[in-house]
Amino acid sequence: MLKPRQDLKPNTAAYETQALVKPTGFREYDARWILEKEINLLGIQALGLGLATYVHEIGVAPKIVTGHDFRSYSLSVKQALILGLLEGGMEVLDVGLALSPMAYFGQFELDAPCVAMVTASHNENGWTGVKMGANKPLTFGPEEMGRLKQIVLNGEGLARPGGKLVRVEDFRETYVADVASKVQIKRPLKVVCACGNGTAGAFAPDALRRMGVEVIEMDTDLDYNFPKYNPNPEDHAMLVQMAQRVRETGADLALGFDGDGDRCGVVDDTGAEIFADKIGLMLARDLSKVYPDSTFVVDVKSTGLYKTDEILKANGAEVVYWKTGHSYIKRKTAELGALAGFEKSGHFFMAGDLGHGYDDGLVAAGAVLAMLDRNPGKKLSELKAALPDAWTSLTMSPHCDDELKYEVLERIVKEYSDLAEAGGEILGRKILEAITVNGVRVHLEDGSWVLVRASSNKPELVVVVESMRSEDDMRDLFRKEIKPRLAAYPEIGAFNQEI
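In this report, we go over the structure that sits alongside the text. Owing to the predicted nature of the structure, the values given are computational and were not obtained by experimental measurement.

The subject of this paragraph is the pairing of strand β5 (residues 127-133). Counting buried positions along β5 yields seven of seven residues, so the element is predominantly enclosed. In the sheet, strand β1 (residues 31-34) pairs with β5 via four bridges, with the strands oriented antiparallel. The residue of β5 that forms the bridge with Arg32 is Gly129. One ladder, built from four bridges, connects strand β4 (residues 114-118) with β5; its direction is antiparallel. Across the sheet, residue Met117 finds its bridge partner in β5, namely Lys131.

The following block contains the structure:
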């Protein structure tokens, strides 16, 4: 395998004969590039050969599930990836158009240790990527991605005999039937199913109906132009539309799914969005009654209420905060034998009796519906109202180039760590600690906190704040603390959204 180049331009002979692979596409736990600008189809083929080489290197059986999301170019990208996998001696089981969790499910159902799902998730059109794993239900972390990057960029991919392609027909039906079989709702529920014209539209409405609820479809027609907004239930634009539809229809809740169906967003019966960390806390409260002494894993962007919740304490539940990122939370959930993992971005990892331990938006939706079924006299808004007060912001992301963001973050972490060590304050409150397991999460004496970390899959930083005082104070933590502090760094650009 020749070393890929980084300087190729489209519409040239070299671009059609050599691999283009920019190193920035190898991220902490998956791969993401802007197609044509940062990687070409020959580069994708090189990635497939590199992945096959890595699988042989670690001694795992060379059998892999592939699938692709619904974008105009994803099938072409997947076919290029498959060429590389075949060249590297892999047996490829292609499940076709898929959600990421459907490909993960294929590892179990089809007895294949490896997975390579072509998706850019909720990223804007133009992006492509691959989510990979070689040890179900886990996906790659920094160590695996680092070695894969080395193999691909150094041209270390090795061709081997034995490549084989198997088309797995109608695997969608197998997957949807399995997801729906786990939940049978007896309580009458009317549910808005929002898909943002992304891939989930071909799966979610059917799965929810089979679970036993009335479904009101919203933007479920597949359209890879994403005419209204990106399918991302963490973005304000999608949440506003979900809330409006709930109010118009009198639905009991809205469930929104991202571009590759591994995340789920929730709006309650009043039209109020419930961030996934609060949904996770509600699920943990409910599940810890059914499964006492359970362990739950949550990411560092999640509410501080997990630490203090009296119901969790009474049910013997243990909560562990861990690094943000689906790969990290998935891995920690498996490592600890936790019942579930929750991430504020909407990844839910249901394990044990509840699921296989990977992130699946439809399984998460089923868990929320099952919680309502176990509480037939309660609306979702009432379950939320039973939580202690905490005001958590949207996830906000200022631009910062991939080549710069980690060095910039190091300086921010040092600034906050030094402030904490010196006994400093934020808006009149003493800093209790600065947790640096993933960026920096600064805890204040009243339980409020602010977080700055690097995005794992985009050229951005990530900011979240939470106040235990009021919504106005939550806004102040952003506007009077985080925003002016980050403005002092010239490498940091505009926010994608602000409270």
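The subject of this paragraph is the nonpolar core. Grouped together as the largest cluster of nonpolar side chains are 73 residues, with contacts concentrated most on Leu208, Leu255, Phe257, Phe342 and Leu369. Considering every element that reaches this core, the biggest residue donor is helix α13 (residues 361-374), with 10 residues. In this view, Leu208 contacts Val191, Cys193, Val213, Val215, Leu255, Phe257, Ala365 and Leu369; residues no more than four positions away in its chain are not counted. Leu35, Val77, Phe140 and Leu153 belong to the second largest nonpolar core, which has 34 residues in total.

Pairing within the open sheet is mixed, and its five strands lie in the order β8-β7-β9-β10-β11. Two strands close off the open sheet at either side, each with one partner strand: β8 (214-218) and β11 (273-274). The sheet contact formed by strand β7 (residues 190-194) and strand β9 (residues 253-257) spans four bridges and is parallel. Along β9, the bridge assignment pairs Cys193 with Leu255. Sitting on the sheet, α13 touches β7, β9 and β10 (264-267), and the angle it makes with β9 is about 165°.

For the rest of this paragraph, the subject is the sheet that holds strand β2 (residues 63-68). The strand order across the open sheet formed by six strands is β1-β5-β4-β2-β3-β6, and the pairing between neighbours is mixed. Looking at the sheet topology across the chains shown, the edges are occupied by β1 and β6 (164-167). Averaged over all neighbouring strand pairs, the angle between strand axes comes to 20°, with direction disregarded.

Remember that side chains alternate between the two faces of the sheet whenever the strand is regular. With respect to burial, β2 is a largely interior element, five of its six residues being buried. Across five bridges, the pairing between β2 and strand β3 (residues 91-97) is parallel. Counterpart to Thr66 in the pairing with β3 is Asp94. This β-α-β element, β2 to helix α3 (residues 74-87) to β3, shows right-handed connectivity. Where β2 and β4 come together, five bridges link them in parallel fashion. Bridging across to β4, His68 finds its partner in Val118.

A word on the environment of Asn125. Summarising the element assignment, Asn125 is placed in the loop between β4 and β5. For the pair Asn125 and Phe296, spaced 171 residues apart in the sequence, the C-alpha separation amounts to 35 Å. The residues touching Asn125, leaving out its near neighbours within four places in the chain, are Arg71, Tyr73, Tyr224, Asn225 and Phe226. From its side chain, Asn125 meets the backbone oxygen of Tyr224 in a polar contact 2.5 Å long.

It is at 12 Å that the axes of helix α15 (residues 402-421) and helix α16 (residues 471-487) come closest, and there the two elements cross at 130°. One finds that α15 runs oblique with respect to α16. As for how α15 packs across α16, the hand of that crossing is right-handed. Contacts between α15 and α16 pair Ile412, Glu415, Tyr416 and Leu419 from the former with Glu481, Ile482, Arg485 and Leu486 from the latter. Split by residue class, the contact of α15 with α16 holds five nonpolar, no polar and three charged.

Tracing the sequence through the fold places Ser294 in the loop between α9 (276-290) and β12 (295-299). Not counting the four nearest positions on each side in its chain, Ser294 is found in contact with Gly316, Ala317, Glu318 and Leu339.

At a minimum axis separation of 10 Å, helix α4 (residues 100-109) and helix α6 (residues 171-181) run at an interaxial angle of 90°. Regarding the angle of α4 to α6, the classification is roughly perpendicular. Counting all contacts with α4, which are made through Pro101, Met102, Phe105, Gly106 and Glu109, the residues of α6 involved are Phe171, Arg172, Thr174, Tyr175 and Asp178. Residue composition of the contact of α4 with α6, by class: five nonpolar, two polar and three charged.

Below, the discussion takes up the state of the cysteines. Scanning the model with the defined rule gives zero disulfides in all. Unpaired in terms of disulfides, Cys195 finds its nearest cysteine sulfur in Cys193, a separation of 3.9 Å. Lacking any disulfide linkage, Cys264 is separated from the closest cysteine sulfur, that of Cys193, by 9.1 Å. Since its relative accessible area comes to 3%, Cys264 is described here as buried.

Conventions used here
- Residues numbered from 1 in each chain as written.
- Predicted model: local features only at pLDDT ≥ 70, side-chain atom pairs only at ≥ 80, totals over all residues.
- Heavy atoms only, no water.
- Buried < 20%, exposed > 50% of the residue type's maximum accessible area, 1.4 Å probe, protein only.
- Helix = DSSP H or I, 4+ residues; strand = E, 2+ residues; numbered from the N terminus.
- Pairing = 2+ DSSP bridges.
- Core = buried A, V, L, I, M, F, W, Y, C linked by side-chain atoms within 4.5 Å.
- Contact = heavy atoms within 4.5 Å.
- Axes fitted to C-alpha atoms, helices over the stretch in contact; angles between N-to-C directions.
- Right-handed = clockwise from strand over helix to strand, strands pointing away.
- Polar contact = N/O pair within 3.5 Å; in protein donor to acceptor, adjacent residues only side chain to side chain.
- Parallel < 35°, antiparallel > 145°, perpendicular 65-115°, else oblique.
- Left-handed = near helix turned anticlockwise from the far one by under 90°.
- Nonpolar A, V, L, I, M, F, W, Y, C, P; charged D, E, K, R; others polar.
- Disulfide = S-S within 2.5 Å.

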